[in-house]
Amino acid sequence: MMEPLKALTSRTLLLSQTNIDTDQIIPARFLTTTSREGLGRLAFYDWRYESDGSAKPEAILNRIDPTEQRILLAGANFGCGSSREHAPWALMDYGFRAVISTEIADIFTSNALKNGLLPVVVDQATWDDLAAHPEQPVTIDLQVGTLNRGNHAPVSFTVEAFARQCLLDGVDTLGWLQKHMPAIETYERSTQSEPA
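Since the structure is predicted, the reported quantities are computational estimates derived from the model, not experimental observations. (Residues numbered from 1 in each chain as written. Predicted model: local features only at pLDDT ≥ 70, side-chain atom pairs only at ≥ 80, totals over all residues. Heavy atoms only, no water.)

## Quick notes on the sheet that holds strand 5 (residues 118-121)
Then, number 1: Overall, parallel pairing links the 4 strands, which are arranged 2-3-4-5 in an open sheet. Looking along the sheet, the strands with just one partner apiece sit at the ends: strand 2 (12-15) and strand 5. Averaged over all pairs of adjacent strands, the angle between their axes in this sheet comes to 20°, without regard to strand direction.
Then, number 2: In this sheet, strand 5 lies alongside strand 4 (residues 98-101) in parallel orientation, the contact comprising 4 bridges. Among the inter-strand pairings, Val-99 is bridged to a residue of strand 5, identified as Pro-119. (Pairing = 2+ DSSP bridges. Helix = DSSP H or I, 4+ residues; strand = E, 2+ residues; numbered from the N terminus. Axes fitted to C-alpha atoms, helices over the stretch in contact; angles between N-to-C directions.)

This is the structure:
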(Lines give C-alpha, C1' and ligand atoms only; values in the text may rest on other atoms or scores of the structure.)
Protein backbone atom coordinates (compact mmCIF):
# COMPACT_ATOMS: atom_id res chain seq x y z
CA MET A 1 0.00 0.00 0.00
CA MET A 2 1.07 3.55 -0.74
CA GLU A 3 -0.32 6.83 0.49
CA PRO A 4 -3.18 7.77 -1.85
CA LEU A 5 -2.47 10.87 -3.89
CA LYS A 6 -5.50 12.91 -4.82
CA ALA A 7 -4.17 16.45 -4.41
CA LEU A 8 -0.88 17.84 -3.17
CA THR A 9 -0.18 21.42 -2.09
CA SER A 10 3.42 22.37 -1.46
CA ARG A 11 6.17 24.80 -2.26
CA THR A 12 8.63 23.61 -4.89
CA LEU A 13 12.34 22.93 -4.74
CA LEU A 14 14.08 24.18 -7.88
CA LEU A 15 16.87 22.11 -9.45
CA SER A 16 17.12 23.88 -12.78
CA GLN A 17 19.91 21.76 -14.24
CA THR A 18 18.98 19.93 -17.45
CA ASN A 19 19.68 16.24 -18.02
CA ILE A 20 19.66 15.24 -14.35
CA ASP A 21 20.19 11.52 -14.75
CA THR A 22 19.40 8.61 -12.46
CA ASP A 23 23.05 8.28 -11.42
CA GLN A 24 22.93 11.85 -10.10
CA ILE A 25 19.63 11.12 -8.35
CA ILE A 26 21.19 8.07 -6.67
CA PRO A 27 24.74 6.97 -7.55
CA ALA A 28 25.18 3.42 -8.83
CA ARG A 29 27.34 2.42 -5.85
CA PHE A 30 24.22 2.59 -3.64
CA LEU A 31 22.13 0.17 -5.72
CA THR A 32 23.02 -2.89 -3.66
CA THR A 33 19.90 -2.68 -1.49
CA THR A 34 16.44 -3.94 -2.32
CA SER A 35 14.86 -1.90 0.46
CA ARG A 36 13.40 1.53 -0.13
CA GLU A 37 13.91 2.65 3.45
CA GLY A 38 16.75 5.04 4.10
CA LEU A 39 17.40 5.86 0.46
CA GLY A 40 16.42 9.49 0.99
CA ARG A 41 19.73 10.17 2.72
CA LEU A 42 21.44 8.95 -0.46
CA ALA A 43 19.39 11.08 -2.87
CA PHE A 44 21.70 13.39 -4.86
CA TYR A 45 24.50 12.11 -2.63
CA ASP A 46 27.39 13.48 -4.68
CA TRP A 47 25.73 16.91 -4.78
CA ARG A 48 25.12 16.90 -1.01
CA TYR A 49 28.25 15.35 0.49
CA GLU A 50 32.02 15.59 0.29
CA SER A 51 34.13 12.50 -0.42
CA ASP A 52 34.64 12.07 3.34
CA GLY A 53 30.87 11.99 3.92
CA SER A 54 30.58 15.47 5.46
CA ALA A 55 27.67 17.58 4.31
CA LYS A 56 28.30 20.34 1.80
CA PRO A 57 26.88 23.47 3.47
CA GLU A 58 26.16 25.12 0.11
CA ALA A 59 24.01 22.20 -1.12
CA ILE A 60 20.40 23.38 -1.22
CA LEU A 61 19.17 19.85 -0.58
CA ASN A 62 20.89 19.98 2.81
CA ARG A 63 19.23 23.29 3.72
CA ILE A 64 15.53 22.63 3.16
CA ASP A 65 12.77 20.92 5.06
CA PRO A 66 11.53 18.20 2.70
CA THR A 67 8.18 18.14 4.48
CA GLU A 68 7.67 21.75 3.31
CA GLN A 69 8.91 21.28 -0.26
CA ARG A 70 7.39 18.05 -1.53
CA ILE A 71 7.42 19.03 -5.21
CA LEU A 72 10.69 18.94 -7.16
CA LEU A 73 10.83 21.44 -10.04
CA ALA A 74 13.52 20.04 -12.33
CA GLY A 75 15.19 21.04 -15.57
CA ALA A 76 14.40 19.41 -18.89
CA ASN A 77 15.10 15.71 -19.53
CA PHE A 78 14.84 14.81 -15.86
CA GLY A 79 15.49 11.16 -14.95
CA CYS A 80 17.41 10.30 -18.10
CA GLY A 81 20.10 7.62 -18.08
CA SER A 82 19.86 4.06 -16.88
CA SER A 83 16.68 2.47 -15.61
CA ARG A 84 16.66 2.09 -11.85
CA GLU A 85 13.71 2.01 -9.50
CA HIS A 86 16.02 3.24 -6.76
CA ALA A 87 15.78 6.76 -8.24
CA PRO A 88 12.08 7.30 -7.46
CA TRP A 89 12.53 5.34 -4.21
CA ALA A 90 15.25 7.78 -3.11
CA LEU A 91 13.19 10.85 -4.08
CA MET A 92 10.13 9.55 -2.24
CA ASP A 93 12.11 8.61 0.87
CA TYR A 94 13.69 12.06 0.86
CA GLY A 95 10.19 13.55 0.95
CA PHE A 96 9.21 14.38 -2.62
CA ARG A 97 5.81 13.26 -3.89
CA ALA A 98 5.85 14.89 -7.33
CA VAL A 99 8.31 16.06 -9.99
CA ILE A 100 7.50 18.86 -12.43
CA SER A 101 9.53 19.41 -15.59
CA THR A 102 9.11 20.28 -19.24
CA GLU A 103 10.44 16.82 -20.12
CA ILE A 104 10.75 13.67 -18.01
CA ALA A 105 12.42 10.50 -19.30
CA ASP A 106 10.00 7.73 -20.23
CA ILE A 107 11.57 4.95 -18.16
CA PHE A 108 11.83 7.21 -15.12
CA THR A 109 8.18 8.18 -15.60
CA SER A 110 7.13 4.53 -15.65
CA ASN A 111 9.18 3.69 -12.55
CA ALA A 112 7.94 6.79 -10.73
CA LEU A 113 4.27 6.04 -11.37
CA LYS A 114 4.67 2.43 -10.23
CA ASN A 115 6.13 3.64 -6.94
CA GLY A 116 3.82 6.53 -6.03
CA LEU A 117 5.84 9.48 -7.34
CA LEU A 118 3.83 11.72 -9.67
CA PRO A 119 5.65 13.09 -12.75
CA VAL A 120 4.00 16.20 -14.19
CA VAL A 121 5.03 17.62 -17.57
CA VAL A 122 4.27 21.30 -18.20
CA ASP A 123 4.99 23.79 -20.97
CA GLN A 124 8.04 26.06 -20.81
CA ALA A 125 6.06 29.20 -19.88
CA THR A 126 4.51 27.46 -16.88
CA TRP A 127 7.89 26.06 -15.84
CA ASP A 128 9.50 29.50 -16.14
CA ASP A 129 6.81 31.03 -13.93
CA LEU A 130 7.17 28.27 -11.33
CA ALA A 131 10.95 28.73 -11.33
CA ALA A 132 10.58 32.49 -10.86
CA HIS A 133 8.28 32.00 -7.82
CA PRO A 134 9.59 29.01 -5.83
CA GLU A 135 7.98 30.22 -2.60
CA GLN A 136 4.53 30.24 -4.17
CA PRO A 137 2.50 27.19 -3.13
CA VAL A 138 1.50 24.89 -5.96
CA THR A 139 -1.47 22.53 -5.90
CA ILE A 140 -1.37 19.45 -8.08
CA ASP A 141 -4.88 18.03 -8.32
CA LEU A 142 -4.63 14.51 -9.72
CA GLN A 143 -8.38 13.94 -9.59
CA VAL A 144 -9.00 16.85 -11.95
CA GLY A 145 -5.64 16.74 -13.73
CA THR A 146 -4.65 20.33 -13.09
CA LEU A 147 -1.75 22.27 -11.64
CA ASN A 148 -2.82 25.43 -9.83
CA ARG A 149 -0.73 28.36 -8.61
CA GLY A 150 -1.57 31.86 -7.45
CA ASN A 151 -4.03 33.72 -9.65
CA HIS A 152 -3.01 31.87 -12.80
CA ALA A 153 -5.45 29.75 -14.75
CA PRO A 154 -5.14 26.03 -14.00
CA VAL A 155 -2.71 24.15 -16.22
CA SER A 156 -3.87 20.72 -17.37
CA PHE A 157 -1.61 17.67 -17.33
CA THR A 158 -2.17 14.04 -18.21
CA VAL A 159 -1.21 10.78 -16.54
CA GLU A 160 -1.75 7.33 -18.03
CA ALA A 161 -5.19 6.18 -16.85
CA PHE A 162 -4.22 2.97 -15.01
CA ALA A 163 -1.29 4.63 -13.22
CA ARG A 164 -3.53 7.57 -12.29
CA GLN A 165 -6.10 5.25 -10.72
CA CYS A 166 -3.41 3.40 -8.77
CA LEU A 167 -2.09 6.72 -7.40
CA LEU A 168 -5.58 7.85 -6.44
CA ASP A 169 -6.25 4.52 -4.70
CA GLY A 170 -2.83 4.33 -3.06
CA VAL A 171 -1.93 0.96 -4.55
CA ASP A 172 0.80 -0.36 -6.80
CA THR A 173 0.17 -2.88 -9.60
CA LEU A 174 0.26 -5.82 -7.20
CA GLY A 175 -2.08 -4.04 -4.81
CA TRP A 176 -4.51 -3.38 -7.65
CA LEU A 177 -4.48 -7.07 -8.58
CA GLN A 178 -5.02 -8.12 -4.98
CA LYS A 179 -7.95 -5.73 -4.72
CA HIS A 180 -9.55 -7.43 -7.70
CA MET A 181 -8.79 -11.02 -6.64
CA PRO A 182 -12.44 -11.94 -5.91
CA ALA A 183 -13.44 -11.00 -9.47
CA ILE A 184 -10.36 -12.74 -10.91
CA GLU A 185 -11.09 -15.92 -8.96
CA THR A 186 -14.76 -15.85 -10.02
CA TYR A 187 -13.71 -15.50 -13.65
CA GLU A 188 -11.18 -18.32 -13.35
CA ARG A 189 -13.80 -20.63 -11.83
CA SER A 190 -16.25 -19.79 -14.62
CA THR A 191 -13.71 -20.61 -17.34
CA GLN A 192 -12.72 -23.89 -15.68
CA SER A 193 -16.32 -25.12 -15.66
CA GLU A 194 -16.85 -24.46 -19.35
CA PRO A 195 -16.80 -27.56 -21.58
CA ALA A 196 -13.68 -27.98 -23.71
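## Re the nonpolar core
Then, number 1: Grouped together as the largest cluster of nonpolar side chains are 30 residues, with contacts concentrated most on Phe-44, Leu-72, Phe-78, Leu-91 and Phe-108.
Then, number 2: Elements supplying a minimum of two residues to this core: strand 2, strand 3 (71-74), helix 3 (86-94) and helix 4 (106-114).
Then, number 3: In terms of residues, this core owes the most to one element, helix 3, which gives 5 residues.
Then, number 4: Each residue touching Leu-72, except ones within four places of it in the same chain, is listed here: Leu-13, Leu-15, Phe-44, Phe-78, Leu-91, Phe-96, Ala-98, Val-99 and Ile-100.
Then, number 5: Counting 23 residues, the second largest nonpolar core, distinct from the first, contains Val-122, Trp-127, Leu-142 and Leu-167. (Core = buried A, V, L, I, M, F, W, Y, C linked by side-chain atoms within 4.5 Å. Buried < 20%, exposed > 50% of the residue type's maximum accessible area, 1.4 Å probe, protein only. Contact = heavy atoms within 4.5 Å.)

## Quick word on the pairing of strand 4
Then, number 1: Neither face of strand 4 is open: one carries Ala-98 and Ile-100, the other Val-99 and Ser-101, and all of them are buried.
Then, number 2: For the crossover from strand 3 across helix 3 to strand 4, the handedness is right-handed.
Then, number 3: Taken together, strand 4, helix 4 and strand 5 form a β-α-β motif whose crossover is right-handed. (Right-handed = clockwise from strand over helix to strand, strands pointing away.)

## Here we look at helix 6 (residues 161-169)
Then, number 1: What helix 6 keeps buried is the set Ala-163, Cys-166, Leu-167 and Leu-168.
Then, number 2: Capping of helix 6 at its N-terminal end is provided by Glu-160; its side-chain oxygen lies 3.0 Å from the backbone amide nitrogen of Phe-162.
Then, number 3: Immediately downstream of helix 6, the backbone of Gly-170 shows phi near 75°, a positive value. (Polar contact = N/O pair within 3.5 Å; in protein donor to acceptor, adjacent residues only side chain to side chain.)

## Here we look at the pattern of salt bridges
Then, number 1: Counted by the stated rule, this structure contains 5 salt bridges.
Then, number 2: Linking Arg-97 and Glu-3 is a salt bridge whose minimum nitrogen-to-oxygen distance equals 3.7 Å. Remark: Glu-3 occurs in the segment before strand 1 (7-10) and Arg-97 occurs in the loop between helix 3 and strand 4; sequence separation between them is 94 residues.
Then, number 3: Overall, the relative accessible area of 3% leaves Arg-97 in the buried class.
Then, number 4: A salt bridge links Arg-11 to Glu-135, with the shortest nitrogen-to-oxygen separation between them at 2.9 Å. (Salt bridge = Lys/Arg side-chain N within 4 Å of Asp/Glu carboxyl O.)

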